[in-house]
Amino acid sequence: QVQLVESGGGLVQPGGSLRLSCAASGFTFSNYAMSWYRQAPGKERELVAAITSTGGYTNYADSMKGRFTISRDNAKNTVYLQMNSLKPEDTAVYYCNAVRWPYNYWGQGTQVTVSS
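About the thresholds
- Residues numbered from 1 in each chain as written.
- Predicted model: local features only at pLDDT ≥ 70, side-chain atom pairs only at ≥ 80, totals over all residues.
- Heavy atoms only, no water.
- Helix = DSSP H or I, 4+ residues; strand = E, 2+ residues; numbered from the N terminus.
- Buried < 20%, exposed > 50% of the residue type's maximum accessible area, 1.4 Å probe, protein only.
- Pairing = 2+ DSSP bridges.
- Axes fitted to C-alpha atoms, helices over the stretch in contact; angles between N-to-C directions.

Asks: Sorry, what's going on with unusual backbone geometry here?
Replies: Both trends apply: most residues other than glycine have a negative phi, and most peptide bonds are in trans. The step from Trp101 to Pro102 runs through a cis peptide bond, and the omega angle for that step is 5°. Here Pro102 lies in the loop between β9 (92–100) and β10 (103–106). Positive phi outside glycine occurs at Asn77, with the angle close to 55°. Residue placement: Asn77 occurs in the loop between β7 (68–73) and β8 (78–83). For Asn77, a relative accessible area of 27% corresponds to the partly exposed category. Its identity as a non-glycine residue notwithstanding, Ser85 has a phi of 50°, on the positive side. Along the chain, the position of Ser85 falls in the loop between β8 and β9.

The structure is reproduced here in structure tokens:
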């Protein structure tokens with residue numbers, strides 16, 4: 001059974017940091033590219049960051065560059081998202097995604113709220 005379980009979300013003040021984790025099981029994690037997406041209320045889901053199966057290449061949405069860092073530990077079947085300098089507009093549900101054609105898996109999401 002495929003599972004992607006996100007954790008690490010919560011309430012943080014503007015300028016603060018959070019580290020999200022996504023623990024994967026039920027598939028060969030090291031064969032899959034992993035991504036983080038987010039969805040704010042009333043908005044479409046958008047890509048935050050992506051990382052290749054080996055971790056050798058990463059990609060970020062423009063508004064996250066320099067503030068967010070995606071990484072993975074294939075020995076632990078886990079992908080991370082380090083988020084620094086958080087802004088109120090970063091408030092959203094953050095989702096973990098695993099993809100290897102033709103398979104595409106999603107987690108249930110973790111809420112991140114940036115507010116004073």
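Asks: I'm lost on the sheet that holds β7 in this one. Help?
Replies: Two modes of strand pairing occur in sheets, parallel and antiparallel, and in both the strands are linked by backbone hydrogen bonds. The strand order across the open sheet built from four strands is β1-β3-β8-β7, with neighbouring strands paired in antiparallel fashion. One side of each edge strand has no neighbouring strand; the edge strands of this open sheet are β1 (3–7) and β7. Between one strand axis and the next, the sheet turns by 15° as a mean value, whatever way the strands run. Where strand β3 (residues 18–25) lies against β8, six bridges are found, and the strand directions are antiparallel. Bridge assignment links Leu20 to a residue of β8, and that residue is Leu81.

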